[in-house]
Amino acid sequence: MKRGWRLKFGIVLVAVSAALMALHYLIFRDAHHLAIFTLHDIAFLPIEVLLVTLVIDQLLDRMAKRELIGKLNMVIGLFFSETGTELLRRLVAFDTVCEVREEFLVEADWDAARFAAAKKAVAAYDFEVDTSLGDLDGLREHLRGSRDLLVRLLENPNLLEHDEFTNAMWAVFHLIAELEERGDFAALPESDLAHLGGDIKRAYAAVATQWLDYVQHLKADYPYLFSLAIRTNPLDPRASVTVR
């Protein structure tokens, strides 16, 4: 259908151009100048194609990507405001050492270079967890209450353009499934708890990394939300929502 419409439209344009040329000849009876102008227009056609395909198309593509990024950041912001921040608070409780915690202590004066350094350190960090340190029952209840929201987020087609966040969501969904299949955590063998620890570690690392990206976005575009985010930093034990 689309190709047929475009073909018909192209034929109409060519027909209109031919009709106008014929009209020009009938009025002025000057085939010589008509041929000169036609050849002149054809000579500039490659430049016009260059401008349309390389310049204008890139500008439109850049605008579309900027709009898509804005929509993605809205989705990510919804995740953290509704469940992600609290999820991180619960996940960090399982961290045995959290040597990389300083890389999450975002300050108001952080610039792009500081965020880049933090992300590099976080990417190299081995998020070690111990299931005995945190509240597995509380984590399961929190995720159970967030399931509907997470499903709606994954239904958003824009997330297909954000592999890292999509992978983080799948890690969280896998953790939900693993926790839901267990009954009494206290009765689980060490081998099964170690398996759960691996699932927690995967979700913890993915969500924490996305939190850094999210906060950097807030600093650039929404400074008032950035202020709230660093005052409620789930990875900062000293964080306080009170403005001091």
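The structure under discussion appears in the preceding block.
Residues numbered from 1 in each chain as written. Predicted model: local features only at pLDDT ≥ 70, side-chain atom pairs only at ≥ 80, totals over all residues. Heavy atoms only, no water.

**Q** Teacher, can you tell me more about the overall build of the chain here?
**A** Per the secondary structure count, the chain includes seven helices and zero strands. Helices and strands appear in the chain in the N-to-C order α-α-α-α-α-α-α. A compact globule built from 244 residues should have a C-alpha radius of gyration of about 18 Å, whereas the chain, at 29 Å, is more than 25% larger. Residue burial in the chain is summarised as follows: out of 244 residues, 34% are buried. Long-range pairs, those at least 24 residues apart, make up 73% of the contacts in the chain between residues at least 6 apart in sequence. Carbon and sulfur atoms make up 61% of the accessible area of the chain, which amounts to about 15,500 Å² in all. Averaging the coordinates of the 26 positive side-chain charges in the chain and doing the same for the 36 negative ones gives two points 7 Å apart. (Helix = DSSP H or I, 4+ residues; strand = E, 2+ residues; numbered from the N terminus. Rg over C-alpha atoms; globule rule 2.2 N^0.38 Å. Buried < 20%, exposed > 50% of the residue type's maximum accessible area, 1.4 Å probe, protein only. Contact = heavy atoms within 4.5 Å. Areas by Shrake-Rupley, 256 points an atom, 1.4 Å probe, with all protein chains shown as cover. Lys, Arg positive; Asp, Glu negative; His and termini not counted. Charge placed at Lys NZ, Arg CZ, Asp CG, Glu CD.)

**Q** Can you help me understand a nonpolar patch on the surface in this one?
**A** Where nonpolar side chains cluster on the molecular surface, the patch consists of Val-12, Val-16, Leu-20, Leu-23, Tyr-25, Leu-26, Ile-27 and Phe-28 and spans about 790 Å² of accessible area. Along the chain, Tyr-25 falls in helix H1 (residues 2-28). By relative accessible area, Tyr-25 is classed as partly exposed at 37%. (Patch = residues over 30% accessible without salt bridge, like charges linked within 9 Å, V, L, I, M, F, W, Y side chains within 5 Å. Salt bridge = Lys/Arg side-chain N within 4 Å of Asp/Glu carboxyl O.)

**Q** Teacher, can you tell me more about the packing of aromatic side chains here?
**A** Any two aromatic rings considered together are summarised by their centre-to-centre distance and by the angle between their planes. Considering all chains together, one arrives at nine aromatic pairs under this definition. Here Phe-80 and Tyr-214 contribute two aromatic rings whose centre-to-centre distance is 5.0 Å and whose plane-to-plane angle is 15°, an arrangement assigned as stacked. Of the two residues, Phe-80 sits in helix H2 (residues 31-92) while Tyr-214 sits in helix H6 (residues 190-221), which places them 134 residues apart along the sequence. This pair shows no difference in class: Phe-80 is buried, exactly as Tyr-214 is. Judged by centre distance (5.1 Å) and plane angle (75°), the rings of Trp-110 and Phe-115 are edge-to-face. Through successive ring pairs, a cluster of aromatic residues spans Phe-79, Phe-80, Phe-165 and Tyr-214. Between Arg-114 and the ring centre of Trp-110, over which it is positioned, the NZ or CZ distance is 4.1 Å. (Phe/Tyr/Trp six-rings, centres within 6.5 Å; stacked < 30°, edge-to-face > 60°. Lys NZ or Arg CZ within 6 Å of the ring centre and 35° of its normal.)

**Q** Would you mind showing me how to read the pattern of salt bridges here?
**A** Between side chains of opposite charge, a pair can form as their charged atoms come close. The full count for this structure, using the stated rule, is 14 salt bridges. Residue Lys-119 pairs with Asp-213 through a salt bridge whose shortest N-O separation is 2.7 Å. One end of the pair, Lys-119, is in helix H3 (residues 112-124); the other, Asp-213, is in helix H6, with 94 residues separating them in the sequence. Note on Asp-213: relative accessible area 30%, which makes it partly exposed. Here Glu-180 and Arg-144 are joined by a salt bridge, their closest N and O atoms 2.9 Å apart. Of this pair, Glu-180 sits in helix H5 (residues 163-180) while Arg-144 sits in helix H4 (residues 136-154), and the two are 36 residues apart along the sequence. According to the relative accessible area criterion, Arg-144 is partly exposed, its value standing at 35%. Overlapping salt bridges bring together Glu-141, Arg-144, Arg-147 and Glu-180 as one network.

**Q** Explain the side chain of Ser-146 to me, please; I cannot follow it from the model alone.
**A** By the secondary structure assignment, Ser-146 is in helix H4. Taking the relative accessible area as the measure of exposure, Ser-146 reaches 6% and is therefore buried.

**Q** Can you walk me through the nonpolar core in this structure?
**A** Side chains of nonpolar character tend, in soluble globular proteins, to be buried together. Judged by nonpolar contacts, the single largest core of 52 residues is most densely connected at Phe-79, Val-106, Leu-139, Tyr-204, Trp-211 and Val-215. Looking at this core, the elements with two or more residues in it are H2, H3, H4, H5, H6 and helix H7 (223-231). Sort the elements by how many residues they give to this core and H6 lands first, with twelve residues. Setting aside chain neighbours within four positions, we find Val-215 in contact with Val-106, Phe-115, Phe-226, Ala-229 and Ile-230. (Core = buried A, V, L, I, M, F, W, Y, C linked by side-chain atoms within 4.5 Å.)

**Q** Help me understand the packing of H6 against H7, please; the structure alone is not making it clear to me.
**A** When two helices pack together, you describe them by how their axes are tilted relative to each other and by the distance separating the axes. Orientation of H6 relative to H7, taken along the N-to-C sense of each, is 140°, at an axis distance of 6 Å. The angle between H6 and H7 falls in the class oblique. As for how H6 packs across H7, the hand of that crossing is left-handed. Facing Trp-211, Val-215, Leu-218, Lys-219 and Asp-221 of H6, the residues of H7 in contact are Pro-223, Leu-225, Phe-226, Ala-229 and Ile-230. Split into classes, the residues belonging to the contact of H6 with H7 amount to eight nonpolar, no polar and two charged. (Axes fitted to C-alpha atoms, helices over the stretch in contact; angles between N-to-C directions. Parallel < 35°, antiparallel > 145°, perpendicular 65-115°, else oblique. Left-handed = near helix turned anticlockwise from the far one by under 90°. Nonpolar A, V, L, I, M, F, W, Y, C, P; charged D, E, K, R; others polar.)

Any functional reading would require information that these geometric values do not contain.
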